[in-house]
Amino acid sequence: MSAISLPLFTVGLDQSKPSPSSSSSASLYSPFSPSRNRFCSSSLHCISSCHVKPARASTSESIHETSTIMFDNNDSSDSTAFIIRARNRIGLLQVITRVFKVLGLQIEKATVEFEGDFFIKKFFVTDSHGRKIEDHESLNRIEKALLEAVTGGNGAASVTPASRGIVVRRAGLVADSGERRAKSERMFHLMDGFLKNDPISLQKDILDHVEYTVARSRFSFDDFEAYQALSHSVRDRLIERWHDTQQYFKRKDPKRLYFLSLEFLMGRSLSNSVINLGIRDEYANALKELGFEFEVLAEQVNEDTLLLLLLFLVSYMEGDACLGNGGLARLSACQMDSLATLDYPAWGYGLRYQYGLFRQVILDGFQHEQPDYWLNFGNPWEIERVHVSYEVKFYGNVEEETVNGKKCKVWGPGETVEAVAYDNPIPGYGTRNTINLRLWAAKPSGKLDMESYNTGDYINAVVNRQRAETISSILFPDDRSYQGKELRLKQQYFFVSASLQDIIRRFKDSHSSFDDFPEKVALQLNDTHPSIAIAEVMRVLIDEEHLDWNKAWDIVCKIFSFTTHNVISEGLEKIPVDLLGSLLPRHLQIIYEINFKFMEELKKRIGLDYSRLSRMSIVEEGAVKHIRMANLSIVCSHTVDGVSKVHSELLKTRVFKDFYELWPQKFQYKTNGVTQRRWIVVSNPSLCALISKWLRTEAWIRDVDLLSGLQEYSMDANLQQEWRMVKKVNKMRLAEYIEVMSGLKVSVDAMFDVQVKRIHEYKRQFLNILGIIHRYECIKNMEKSERRKVVPRVCIIGGKAAPGYEIAKKIIKLCHAVAEKVNNDTDVGDLLKLVFIPDYNVSIAELVIPGSDLSQHLSTAGHEASGTGSMKFLMNGCLLLATVDGATVEIVEEIGADNMFLFGAKVHEVPALREKGSSLKTPLQFARVVRMVRDGYFGYKDYFKSLCDTVEGGKDFYLLGYDFASYLEAQAAADKAFVDEEKWTRMSILNTAGSARFSSDRTIEEYAEDTWRIEPYGSALLSSLTWFD
């Protein structure tokens, strides 16, 4: 399939009426439509029967043709007829049928007649439930979508069949000289065509990149070089859409969202890109025909599965872009995907770390950290913008000067570095919208470098370069030292300063006054990491743009929104005043001024309640003064969002109680979500195909609410059988990975019991391991006849411990020590296996999550803000064993408590339980398994002593002992359900059916409407289409 652009026409009510003038009509050109026109605008009017008047061609020749679209609900009792009259052209029928398919409609039958160069085709269609379409609004939307397919969606312009778009010169673009005009039109003609997506064109593009980009012979190249060439060919298609999107938004000038996040856990890009572009099958075929044959695999799978596997194997050569850690970073990536898919005008900004999150290496059961050299072999998905760079300042001093009779502050920096942009196109699914993730890399200031070289101070030049590049080198520098804290603050300000310079430059390109800034810019703070942006905007507006304080403050309070992911006050970010004053002296002055004005206003509201004033102050007094970045963010943001219902209540009643009582209208919550495109379509294609088959549409990939349609089939024996087969195939993949990774063979008939997430005491992997030890001891004490009743389990744990987090590292070591004992015990055999998956990342998650039967989410209630991991498992039909924490409360509301396994103390119970300390009773089973660890049953007695101390003697802060009995009960309930194959499968189907609420699409729509106040661009009829030849 190849992208096409059909001729453009002016659509009016009457051919005799002139089309509206371009000066009074809104531009309908959109990156979401099949046509491409960078330089013109037009208008569109539609009625039930749309008459299409041809535009005048650039050669002054008139093209006379009429196309009509009509619908008829009287022709059939059970379907709606759409009658299309259009000029026949290659590929148009495929485009029309694709429109019906993407809109979730089913074609029951069709007839066709020919009338000269025209065809008249009648399609009888039903909705996704097999019913006639009677809603007038839906009929109009479908009709308009078909019109776009027939006409290309634009008005008057030059007609160039099957072209990329229509070129209309801007006034003054070229001189009137005939020679120059001819050259210009020749250039536009060369630009005016999309890359084709048929297998031959794809193969040629891949081979061209092998020879001209990778610089290898097209007759001799290895698998990695094939991956590089393939990636560049996909990127070419992304860039086409990216340019169209940016040009469109530049001309339309909508309010844009700028998403500021220090972390983006993007994972691999190849599979996600070809799926969102709608050309996965075409690339799989192209690869096969290029000779990527796997004969052994071909004997075991059908041809369609083999083609997708070929593409997967090539894409597996791509490294993970681990530019973040855990849920916050992965959430950022999901939200970028949803912003693109839903056609919102948005940009993401972050840091291009040279080294991602460390590689976890396990040696003798101990975690060791190695640098993640993810850029060693290049990154074909990024585009270096050497011409997009900004100077970022540090240190120095602030002086007062008089400018135009007005006193102003001037910051004289002591150090400057350059921020260089690297762009990463993010494609939407089912749309041409492709937004941008701009990451900044730190480079030394060219001026300082040259001065050092000119004076012969080569060592200083090298030192300056290393100092500058360190800023964007390391993700999560250890901030236990002053130097680590300084580097962390440098990273935050570096990426914020560069991003804001870029945003303000873009705004000033088309606006002469900052009065419109709040109407055109929305800045989203993803946690407190980018919150120094507040002081930076104030500095720019006051010191550089010379606005007065009140005007600048009014703007700042209208543009910022803040999402916090913290659940305890102790975890909120604070910056030492001495450090901030040294590194960013002007910003400290501004923060002090903000705090002074806030305190004065607060005294008027609450009086002289010094205790509350102290708690709410942005400046924390003490032996070492700190700036409370969360307080700064709340004071200056128009909206403060939590990430789940439970989290929102914690913010209101504990973490930010004082602020909520002052500004209740500021506080909202948007439950986090994950994208079904990454976590079903990419990671679980077999389940994706099965869902589409039973829902009779692929529309659920964009309209995820359609997943609820699976509920009516949850008892269907045929679906249940197919569902189990999909799960078994995914478990086989995971079992093969485990064997290759660890040498351990596991049975796919066992329950795959999984806990994969960052290793932390509050996430309670220790509780899971103690439960495994209890299970192991029970099996050991059974008679052989009793063991036959035991449900076999493969317990899988994965995750990384922070380099300085000793207790977390000991949990990893304990997992390996227990696995060594359990996996080699012949008495236990296949009844119990324990596996630790090292270096867990997004790509491994895409393998583990589809193959899981049971997923454990064990955080102590009140410690998990949301928990997006549970949502990924939920979408894949994995049953959850969880505490009532974070988003689990809302999951229970959607799927019911009967379809999951809940245990443990509730949020409101935890504080009282902790107060009991050593008097809190724990079950004997808990004391016994802890004693086994403490006494050295699994070895390393002295090493594990401090780990055991954390749960005994009144030190059990995370309540492992209290929750242990109910945890074992939940595990027993899971065993019982797993034995009932029909019940387990029904629960699995209902989990997937109830997961729609936890799509990031829903999250983004709520943010867009309630917080950012931005609109999707490209109407629904355009944005829901991907155009194919």
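Residues numbered from 1 in each chain as written. Predicted model: local features only at pLDDT ≥ 70, side-chain atom pairs only at ≥ 80, totals over all residues. Heavy atoms only, no water.

### A look at the pattern of salt bridges
Part 1 of the argument: Within the structure shown, the criterion is met by 56 salt bridges.
Part 2 of the argument: Residue Glu 600 pairs with Lys 603 through a salt bridge whose shortest N-O separation is 3.4 Å. Here the residue Glu 600 and the residue Lys 603 both occupy positions in helix α18 (residues 585–606), the gap between them amounting to 3 residues, near one helical turn.
Part 3 of the argument: Residue Glu 600 is classed as partly exposed on the basis of its relative accessible area, which comes to 33%.
Part 4 of the argument: The closest approach of N and O atoms between Arg 612 and Glu 661, which form a salt bridge, is 3.8 Å. Here Arg 612, found in helix α19 (residues 610–616), pairs with Glu 661, found in helix α22 (residues 657–662); they are 49 residues apart in sequence, far enough to count as distant.
Part 5 of the argument: A relative accessible area of 12% places Arg 612 in the buried class.
Part 6 of the argument: Connected through shared salt-bridge partners, Arg 385, Asp 423, Arg 438, Asp 502, Arg 505, Arg 506 and Asp 509 make up one network. (Salt bridge = Lys/Arg side-chain N within 4 Å of Asp/Glu carboxyl O. Helix = DSSP H or I, 4+ residues; strand = E, 2+ residues; numbered from the N terminus. Buried < 20%, exposed > 50% of the residue type's maximum accessible area, 1.4 Å probe, protein only.)

### Observations concerning the pairing of strand β18 (residues 521–526)
Part 1 of the argument: Within β18, 6 of the 6 residues are buried, leaving the element largely enclosed by the surrounding structure.
Part 2 of the argument: Residues Val 521, Leu 523 and Leu 525 line one face of β18 and the alternating positions Ala 522, Gln 524 and Asn 526 line the opposite face, and both faces are buried.
Part 3 of the argument: In this structure, strand β7 (residues 256–260) lies alongside β18, joined through 5 bridges in parallel fashion. Bridge pairing links Phe 259 to Gln 524 in β18.
Part 4 of the argument: Looking at chain direction, β18 and strand β19 (residues 560–563) are connected through 4 bridges and run parallel. Across the sheet, the residue bridging to Leu 523 is Phe 560, located in β19. (Pairing = 2+ DSSP bridges.)

### Quick look at the side chain of Gln 971
Part 1 of the argument: Among the secondary structure elements, Gln 971 is positioned in helix α35 (residues 960–979).
Part 2 of the argument: Only 2.9 Å separates the side chain of Gln 971 from the side chain of Tyr 967, close enough to count as a polar contact.
Part 3 of the argument: What Gln 971 contacts, discounting residues up to four positions off in sequence, is Asp 753, Arg 793, Leu 854, Gln 856 and Leu 881. (Polar contact = N/O pair within 3.5 Å; in protein donor to acceptor, adjacent residues only side chain to side chain. Contact = heavy atoms within 4.5 Å.)

### Section: the confidence of the model for the protein
Part 1 of the argument: Counting all residues, the mean pLDDT for the protein is 85, and 84% of those residues have values of 70 or more.
Part 2 of the argument: A low-confidence stretch, residues 153–176 (pLDDT under 50), is modelled with 77 contacts involving residues beyond four sequence positions or located in other chains. (pLDDT = per-residue confidence, 0-100.)

### Digging into the packing of helix α25 (residues 717–742) against helix α36 (residues 981–993)
Each pair of packed helices can be summarised by the angle the axes make with each other and by the distance between the axes.
Part 1 of the argument: Closest axis-to-axis distance for the α25/α36 pair is 10 Å, and the angle between their directions is 85°. As summarised for this structure, α25 and α36 are arranged roughly perpendicular, according to the angle between their axes. Along the contact surface, α25 presents Leu 719, Gln 720, Trp 723 and Arg 724, while α36 presents Glu 981, Glu 982, Thr 985, Arg 986, Ser 988, Ile 989 and Thr 992. (Axes fitted to C-alpha atoms, helices over the stretch in contact; angles between N-to-C directions. Parallel < 35°, antiparallel > 145°, perpendicular 65-115°, else oblique.)

### What about the packing of aromatic side chains?
Part 1 of the argument: Scanning the model with the defined rule gives 35 aromatic pairs in all.
Part 2 of the argument: With a centroid separation of 5.9 Å and 55° between ring planes, the pair formed by Phe 82 and Phe 100 is classed as tilted. Taken together, the residues span a long stretch of sequence, with Phe 82 in strand β4 (residues 80–87) and Phe 100 in helix α1 (residues 92–102) at a distance of 18 residues. Both residues of the pair, Phe 82 and Phe 100, belong to the buried class.
Part 3 of the argument: Measuring from ring centre to ring centre gives 6.3 Å for Phe 598 and Phe 659, while their planes differ by 15°; the resulting arrangement is stacked. Residue Phe 598 is located in helix α18, and its partner Phe 659 is located in helix α22; the two are separated by 61 residues in the primary sequence. (Phe/Tyr/Trp six-rings, centres within 6.5 Å; stacked < 30°, edge-to-face > 60°.)

### Some details on the environment of Val 674
Part 1 of the argument: Along the chain, Val 674 falls in the loop between β24 (667–669) and α23 (676–682).
Part 2 of the argument: For Val 674, a relative accessible area of 1% corresponds to the buried category.

### Some thoughts on helix α2 (residues 136–151)
Part 1 of the argument: For α2, which comprises 16 residues, the first-to-last C-alpha distance of 22 Å matches the rise-based estimate of 22 Å (1.5 Å per residue) to within 8%.
Part 2 of the argument: Listed as buried for α2 are Leu 139, Ile 142, Glu 143, Ala 145, Leu 146, Leu 147, Glu 148, Ala 149, Val 150 and Thr 151. (Expected span 1.5 Å × (residues − 1).)

### Some points on unusual backbone geometry
Part 1 of the argument: If you check the backbone angles, Asp 527 has positive phi at about 70° while not being a glycine.
Part 2 of the argument: Examined against the element boundaries, Asp 527 turns out to sit in the loop between β18 and α15 (533–544).
Part 3 of the argument: Positive phi, close to 55°, is recorded for Asp 839, a residue that is not glycine.
Part 4 of the argument: Of note, Asp 839 is situated in the loop between β27 (832–837) and α29 (842–848).
Part 5 of the argument: You can call Asp 839 buried: its relative accessible area is 18%.

### Observations concerning the pairing of strand β11 (residues 356–363)
Part 1 of the argument: With 6 bridges connecting them, β11 and strand β12 (residues 366–372) associate as antiparallel partners. Residue pairing for β12: Ile 362 is matched across the bridge by Gln 367.

### Focus: the sheet that holds strand β10 (residues 346–351)
Part 1 of the argument: With mixed pairing, 9 strands are arranged side by side in an open sheet as β13-β16-β17-β10-β7-β18-β19-β23-β24. The open sheet has two edge strands with one neighbour each: β13 (383–394) and β24. For this sheet, the mean angle separating the axes of adjacent strands, direction not counted, is 25°.
Part 2 of the argument: Judged from the 3 bridges that link them, strand β23 (residues 639–642) and β24 form a sheet pairing that is parallel. Counterpart to Val 640 in the pairing with β24 is Phe 667.
Part 3 of the argument: Against the sheet, helix α13 (residues 482–510) touches β7, β10, β13, β16 (415–427), β17 (434–444) and β18, its axis set at about 115° to β13.

### Regarding the environment of Gly 324
Part 1 of the argument: Its place among the elements puts Gly 324 in the loop between β9 (321–323) and α10 (327–341).
Part 2 of the argument: Put simply, Gly 324 and Gly 356 are 32 residues apart on the chain and 7.3 Å apart in space, counted from C-alpha to C-alpha.
Part 3 of the argument: Discounting chain neighbours no more than four positions away, the residues touching Gly 324 are Glu 263, Phe 264, Leu 265, Ala 329, Leu 357, Leu 475 and Phe 476.

### Observations regarding the sheet that holds strand β25 (residues 751–756)
Part 1 of the argument: Strand order across the open sheet formed by 6 strands is β27-β26-β25-β28-β29-β30, with parallel pairing between neighbours. Both outer strands of the open sheet, β27 and β30 (901–903), are each paired with one neighbouring strand and no more. In this sheet, neighbouring strand axes are inclined to one another by 20° on average, regardless of whether the strands run parallel or antiparallel.
Part 2 of the argument: Where helix α30 (residues 868–875) meets the sheet, it contacts β25, β28 (854–857) and β29 (879–883), and its direction lies at approximately 165° from that of β28.
Part 3 of the argument: Strands β25, β28, β29 and β30 of the sheet are contacted by α36, whose axis makes an angle of about 75° with β29.

### Brief notes about the side chain of Asn 899
Part 1 of the argument: Among the structural elements, Asn 899 can be located in the loop between α31 (888–895) and β30.
Part 2 of the argument: A polar contact of 2.7 Å, which involves the side chain of Asn 899, links it to the backbone oxygen of Ile 895.
Part 3 of the argument: Setting aside anything within four residues of it in sequence, one finds Asn 899 in contact with Leu 879, Arg 986, Met 987, Leu 990 and Asn 991.

### Points about a negative patch on the surface
Part 1 of the argument: The grouping of Asp 703, Asp 705, Glu 1005, Glu 1009, Asp 1010 and Glu 1015 at the surface amounts to a negative patch.
Part 2 of the argument: By the secondary structure assignment, Asp 703 is in the loop between α24 (685–695) and α25.
Part 3 of the argument: Overall, the relative accessible area of 38% leaves Asp 703 in the partly exposed class. (Patch = residues over 30% accessible without salt bridge, like charges linked within 9 Å, V, L, I, M, F, W, Y side chains within 5 Å. Areas by Shrake-Rupley, 256 points an atom, 1.4 Å probe, with all protein chains shown as cover. Lys, Arg positive; Asp, Glu negative; His and termini not counted. Charge placed at Lys NZ, Arg CZ, Asp CG, Glu CD.)

### A word on the packing of α15 against helix α16 (residues 549–559)
Part 1 of the argument: Across the interface, α15 lies against α16 with an axial gap of 9 Å and an inter-helix angle of 145°. When you trace α15 past α16, the crossing you get is right-handed. On α16, the residues that touch Ile 534, Val 537, Met 538, Leu 541 and Ile 542 of α15 are Trp 549, Ala 552, Trp 553, Ile 555, Val 556 and Ile 559.
Part 2 of the argument: The class makeup of the residues in the contact of α15 with α16 is 11 nonpolar, no polar and no charged. (Left-handed = near helix turned anticlockwise from the far one by under 90°. Nonpolar A, V, L, I, M, F, W, Y, C, P; charged D, E, K, R; others polar.)

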